[in-house]
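What the coordinates show
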Amino acid sequence: MKSWLTTTDHKRIGLLYFWTAFGFFLLGGLEALVIRAQLAKPEGIGVSAEFYNQMFTMHGTTMVFLALMPLSAAFFNFIIPLQIGARDVAFPRLNAFSYWVFLLGGLFINASFLAGPLFGADRLSVAPDGGWFGYANLTSKQFSPGPNIDFWLLGLQILGIASLAAGFNFIVTILNMRAPGMKMLRLPAFSWMTLVTQFLVITAFPVITVALVLLMFDRFFGTHFFIPAGGGDPILWQHLFWLFGHPEVYILILPAMGIVSEVLPTFSRKPLFGYTVVVYSGVLIGFMGWGVWSHHMFAAGLGPIADSVFSATTMLIAVPTGVKIFNWIATLWGGQLRFPTAMLFALGFVSMFIIGGLSGVSHGSPPADLQQTDTYYVVAHIHYVLFGGTMLGLFAGMYYWWPKMTGRQLSETLGKWHFWLTFVGMNLAFFPMHFSGLLGMPRRIYTYGAELGVTGFNVVSTIGAFLIGAATLVFFVNLLRTRRHGAPAGNDPWGGATLEWAIPSPPPVYNFTVIPQVASRLPLWRTERQAPMAPLPLTPPAPIHVPGGSWWPMFTAFGLPVMAIGALSHQVWLVLVGVAVVITGIYRWAYEPFEV
Amino acid sequence: MSEQGRAGEVHATTGTYLRVAAILVIVTFIEVGIFYVPAFQGVLVPLLLALSALKFTLVVMFYMHLKFDNRFFMFLFGGPLLLALVVVIGLLFLFFGAVRLRAGM
Amino acid sequence: MSQAHATSMGLDSRKMAFWAFIGSECLLFGSLISTYLIYKGKSLVGPYPHEILNIPFTSFSTFDLLMSSLAMVLALAAIQRGDMKQGKTWLFVTAFLGLVFLGGQVWEFSHFMHEGLGLTTNLFGSTFYVLTGTHGTHVTVGVIWLLTLWVQALRGKLGPGQALTVEITGLYWHFVDVVWIVIFTVVYLIQ
C-alpha cells in the first residue's frame, strides 16, 4: 500500500489515474442520469432548479476535467514511455505530483456536495452551479452569493496545476527520452498526438488560470473585472475562457485520435495510411485551434467582422480533421480486418466523430449558429464529439491496452455487449437532441412545457442515457472480472507494431531489459524495408537501477487543497499553512537524493 | 553533461555581458527621455515598443544565452511567445478595432 | 533529478522543461497584460495613471532589475569556471537587487494606496495591482530561490557541478526581468 502512495513509476501512476478517473466518470454519469431522469417529461422527477443547475455544472466539469482528461492521462502515463522505448518519464516525481494534485482537486470540488452546513446553507449541497464554463457575471458575488462558484474556481486552479506539470513532463519525455533510432517521424501516432496535446495544455491553461484568478479577485476582494457596475465587461470572461476552452476541446480529442490511429492499423494488419499527413494534420489542428475561439461567442454580439473571421477559421479547421478521417478510412481499405472490441470502439469513434464534426461545421456558420446556440443542438454536437469521439476512443484504448497494463485479457463477450449497448444507447441519447434543439429546446433548463413538442425526443434521450449507464456497468463488471478470470495476455496479444508490444504484460518495473535500437516506424512488423526487430533479451544483462519512491510529491500536493480550503473559509492563516506545506515539500523534494 | 551548442560554440564573455548591460541602461534612458520630450508624442507608442523589444531581445539572446544555445530552445520559447503576442493583438482588435461594429453601437 | 542518461535531443531535460515553462508563462503574463490593455481608459473614477504613476522612480526600479540580470550572468559565469567566491558574491548581489526592487514595489503600492488608488477603487487599480502584483510575486519566488542557492554556496555545496541549476535559476530571473521590461513600457511609459 505504501508503495502505491510513494510510487514514481509511470505504470503505477497510469493505473492510479485510470481507476480514479473511472470513478469520476461514473460520478459524472450519475449526474447525467439525474439530468435525464428530470428531463424525461415536463416537470420531471421533481428535481429543484437549483439542484439541477448543480447537476449539469458538475456533470460537465467532472466529465471534462476529472474523467476525460485523466483517462487520457492514464494512457499518457502507462503507454508513452513504452512506445518511445524509455524506462520512465523525464520527471517521475513530478509525474506523481500531477496525479496527487488531480486526486485532491477532484475531491475538493466534489466535497462541495456535502459542504452546505459548513457555510450556513439551508441545503447539504453547495456544488458549483454556474455551468462548466462559469459565465460572468452570473458567477459574481451578487448573483452567486454562496460558496458554490468558489469551490469551482479554486478546484479548477488546483486541477490546472496538475495538468501543467504533466504537460511539461510529457513534452520533455517525448522529445528527450526516445530510444536510439526513434526519430520524430518514427514516433507512434499516439505519442505524436500526445505531444501536440501537451503543447496545447501548457499554452491554454495559463489563460484560464488568469480568468479564474480575476474571477476570484472579483468574488473575494471586490474588484470589478467582470462587473459592469464597476466598468468591467463580462465579455472579457468569455474571451479568456474560450481562448482556453477551444484548445481544451482539442486537448480532449487529440489523444483519442491518437489511440484510434494505433488501433485501426493493428486490426487491419496495415500501417496507418498517410502517417506523415496524419501527424502534420494533428500539429496543424493544434495551431489552428488557437484561431477559432470566438465561434463559441457568435451570439454575444461581437459584430459582423469578428463573426466572419472566426467563421472562416472554423471552417478551415475542418480540413485537417477531415484529412485524418480519410486517412483512417484508407487504412481500413484493403486491410485484413479483425473485429475485437477495441476495433469496434475505434470504428465507432470514426463514425460518431463524423456526425459530431458535421454538426460542428454547421455551428461554424454564424447565422445557423444563432438558432443552434444555447439549444440542445449544441448538446448533441458536444456529446457526439466528446462521447462518440473521445469516450469511444478511450474505450478502444482500454480494450487495446488493458492486457498490456494488467497482463490479463478483458472478456470479448462482455466487451461486445458493452460496445453495442453503448453504441445504441449513445445514438438514442444524443441523436434526438439535434431535433429537440432545432425545435427550440434551450440548454440548462430544469423543466420544459409540454407545448414545446419535444417530450418524445426527451423520452428517447433518457432511455438512451440509461442504456449507456447499463453498458458502463457491463464494462465495470468486465474490469473487475479480469482480475480473477481474465485470460493471461502474452507480450503481444493483438500483433501490434509498436514497442509496447515487445515486452511482457504487464511490463517489468524497468520496462525494457535492453533499450531497443529502433529502425522503423513499425518496429515489430515486417515491412518492405525492414525485418521485424529482434526479440529483446528475457533478462537484463546487468542490474538496472530503478528510482525508488518518494513522499514529497504527495506531501507537496496536499498544500494546494489546504490553501484552497483556507481561501474558501476566509482563513488567511490556513492559506499560509498551505503555502508552507508546498514550500517545505518543494525543498525536501529538491534536496532528496533521487536518481532516475 | 555537455550540451550541443550551435555551430561555433561561441560563448558570451564578461565583456559582452557588460556591453549588453550598458546598452540596456542607455536604451532605458532613451525610453524615459522620449517619454518626456513632447516632440516625440506622435511616434511614442511604436518607438517605445520597438525599444523595449530591443531590450527584451538582448536579455533573451545574451543573458538567457538563447543565441548560443540549441535552436530548439528558441522554438520552445518563441512559439508560445508568438502565440501570446497574437492573442494580445487579437483581443485588442476585438475590443477596440474596427471589428467592434455591434448593432446599435 | 540528475541527467545520467543520454537524451534523444542531446539537451538537458531540466533545461528543456524550464524553457517550456517560460513559454507557458508568456501566456500567463500575456493574458494579464491583455486585461490591463483592454481596461485601459475605462476606469469610471480616478485616480488615473497619469496622475499617479511615477516615471523617475519606476525608471530606477527598471534599472535595478536590469543590473540584477547582469549580476546573475556574472554569478553563473563565475560558478561555471569554479570561482565560488565571485559566484557567491554575485548571487547575493542579484538577490539583494531583487529585494531592492521589491522594496520599491512595496513603497510604490503603499504610496498609491495613500493617494487613493486601491485594488478595488477602479479598473486601473485592479488591473495594475494584479499585473504588477503577479510580477512581484514572481520576483519574490526568485529572491527566495537565489538566497537558497547562496546559502547552499556558503555551505560549500554549490560548485561547477551544479552550474545547470544556477543556469536555470538565471533563466527564471532573466524572464522575470524581461516581463518587467514589457510592463514598464506598456503600463508606465505608454499612457
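Since this is a predicted model, take the numbers as computed values, not measurements.

What counts, and where the lines are drawn
Residues numbered from 1 in each chain as written. Chains lettered and ligands numbered in written order. Predicted model: local features only at pLDDT ≥ 70, side-chain atom pairs only at ≥ 80, totals over all residues. Helix = DSSP H or I, 4+ residues; strand = E, 2+ residues; numbered from the N terminus. Buried ≥ 20, exposed ≤ 12 C-beta atoms within 10 Å, placed from the backbone. Contact = placed C-beta atoms within 7 Å. Nonpolar A, V, L, I, M, F, W, Y, C, P; charged D, E, K, R; others polar. Expected span 1.5 Å × (residues − 1). Bend = angle between axes of the 7 residues up to and from the residue. Axes fitted to C-alpha atoms, helices over the stretch in contact; angles between N-to-C directions. Parallel < 35°, antiparallel > 145°, perpendicular 65-115°, else oblique. Left-handed = near helix turned anticlockwise from the far one by under 90°. Domains from an automatic or database assignment. pLDDT = per-residue confidence, 0-100.

Below, the discussion takes up the overall build of chain B. Summing up its helical and strand segments, chain B has 3 helices and 0 strands in all. Reading the secondary structure of chain B in the N-to-C direction produces α-α-α. Counting over 105 residues, chain B shows a buried share of 29%. Taking contacts inside chain B between residues at least 6 apart in sequence as the whole, the part at least 24 apart equals 58%.

In terms of helices and strands, chain C carries 6 helices and 0 strands. Counted from the first residue to the last, chain C has its helices and strands arranged as α-α-α-α-α-α. Judged by the C-alpha coordinates and their principal axes, chain C covers about 60 × 35 × 20 Å. Put simply, chain C has 191 residues, and 52% of those count as buried. Pairs at least 24 apart in sequence give 82% of the contacts found in chain C among residues at least 6 apart.

Moving on: the interface of chain A and chain C. Listed per partner, the contact involves 32 residues of chain A and 29 residues of chain C. Of the residues forming the side of chain A that touches chain C, the biggest block, 9 residues, is contributed by helix 6 (residues 189-221) of chain A. Split by residue class, the side of chain A that touches chain C holds 21 nonpolar, 9 polar and 2 charged.

Let us now look at unusual backbone geometry. Generally, phi is negative for residues other than glycine and the peptide bonds are trans, each holding for most cases. Across the junction of A136(A) and N137(A), the peptide omega takes the value -5 degrees, indicating a cis bond. Within the element layout of this structure, N137(A) appears in the loop between helix 4 (92-111) and helix 5 (148-176). The residue after G46(C), namely P47(C), is reached through a cis peptide bond having omega 5 degrees. Looking at the secondary structure, you find P47(C) in the loop between helix 1 (13-38) and helix 2 (49-52). Located in the positive-phi region is D374(A), a residue other than glycine, with phi close to 65 degrees. By the secondary structure assignment, D374(A) is in the loop between helix 11 (366-372) and helix 12 (376-406). A residue is classified by how many C-beta atoms lie within 10 Å of it, and D374(A), with 15 of them, is partly exposed. Unlike most non-glycine residues, H570(A) shows phi in positive territory, near 55 degrees. Structurally, H570(A) is set in the loop between helix 15 (552-568) and helix 16 (572-591). Given 10 C-beta atoms within a 10 Å radius, H570(A) is considered exposed.

Moving on: helix 6 of chain A. Residue and element names in this part refer to chain A. The end-to-end C-alpha distance of helix 6, which contains 33 residues, comes to 47 Å, matching closely the 48 Å that a straight helix rising 1.5 Å per residue would cover. Along helix 6, the sharpest change in direction is near 25 degrees and occurs at A204; proline P206 comes one to four residues later. With 29 of its 33 residues buried, helix 6 lies for the most part within the structure. G222 lies just past helix 6 and shows a positive phi near 85 degrees.

Here we come to the interface of chain B and chain C. Taken together, the contacts link 38 residues of chain B with 37 residues of chain C. Elements with a minimum of two residues in the side of chain B that touches chain C: helix 1 (14-36), helix 2 (44-63) and helix 3 (71-96) of chain B. Looking at side-chain class alone, the side of chain B that touches chain C contains 29 nonpolar, 6 polar and 3 charged residues.

In a packed pair of helices, the relevant descriptors are the angle between the two axes and the axis-to-axis distance. Residue and element names in this part refer to chain A. Two elements in contact, helix 2 (residues 10-39) and helix 4, have axes separated by 10 Å at closest approach and are oriented at 15 degrees. In terms of orientation, helix 2 lies roughly parallel with respect to helix 4. Both helix 2 and helix 4 take part in a crossing whose hand is left-handed. Along the contact surface, helix 2 presents H10, I13, L16, Y17, T20 and F24, while helix 4 presents P92, N95, A96, Y99, L103 and G106. Its residues assigned to classes, the contact of helix 2 with helix 4 comprises 8 nonpolar, 4 polar and no charged.

We now examine the domain arrangement of chain B. When its domains are assigned, chain B resolves into domain 1 (12-68) and domain 2 (70-105). Here the C-alpha centre of domain 2 of chain B lies 23 Å away from the C-alpha centre of domain 1 of chain B.

All names here are of chain A. Assignment of secondary structure puts G496 in the loop between helix 14 (455-485) and helix 15. The sequence separation of G496 and L200 amounts to 296 residues, and the corresponding C-alpha distance is 29 Å. Leaving out residues up to four positions away in the same chain, G496 has contacts with T266, W501 and L524.

To continue, consider the confidence of the model for chain B. The predicted model of chain B has a mean per-residue pLDDT of 85, with 83% of residues at 70 or higher. Throughout residues 99-105 of chain B the model reports pLDDT below 50, and contacts reaching past four residues in sequence, or to other chains, amount to 14 contacts.

What follows deals with the packing of helix 15 of chain A against helix 16 of chain A. Residue and element names in this part refer to chain A. Contact geometry for helix 15 and helix 16: axes closest at 7 Å, N-to-C directions at 165 degrees. Overall, the two elements helix 15 and helix 16 adopt an arrangement that is roughly antiparallel. Of the two elements, helix 15 crosses helix 16, and the hand of that crossing is left-handed. Along the contact surface, helix 15 presents W552, P553, F555, T556, F558, G559, L560, V562, M563, I565, G566 and A567, while helix 16 presents V572, L574, V575, V577, G578, V579, V581, V582, G585, I586, R588 and W589. Here the contact of helix 15 with helix 16 is built from residues that sort into 18 nonpolar, 5 polar and 1 charged.

Quick look at the environment of Y377(A) now. Residues and elements named next belong to chain A. Turning to its location among the elements, Y377 is positioned in helix 12. Measuring from C-alpha to C-alpha, the distance between Y377 and G559 comes to 42 Å, with 182 residues separating the pair along the chain. Once residues within four sequence positions are removed from consideration, Y377 is found in contact with S359, Q372, M433, H434, G437 and L438.

The terminal C-alpha atoms of helix 3 of chain B, which comprises 26 residues, lie 36 Å apart, in line with the 38 Å expected from a rise of 1.5 Å per residue. Looking only at helix 3 of chain B, the buried set comprises F73(B), L76(B), F77(B), P80(B), L81(B), A84(B), V87(B), G90(B), L91(B), L94(B) and F95(B). Those residues of helix 3 of chain B that are buried lie in contact with helix 6, helix 7 (234-268) and helix 9 (304-332) of chain A together with helix 1 of chain C.

What follows is about the confidence of the model for chain C. Residues and elements named next belong to chain C. Per-residue confidence for chain C gives a mean pLDDT of 95; residues scoring 70 or more make up 97%. For chain C, the element scoring lowest by mean pLDDT is helix 2, at 94; helix 1 scores highest, at 98. Both scores are given for the predicted complex: the pTM is 0.96, the ipTM 0.96.

This part is about the environment of M64(B). By the secondary structure assignment, M64(B) is in the loop between helix 2 and helix 3. Discounting residues that sit within four places of it in the chain, M64(B) has contacts with V59(B), L171(C) and H174(C).

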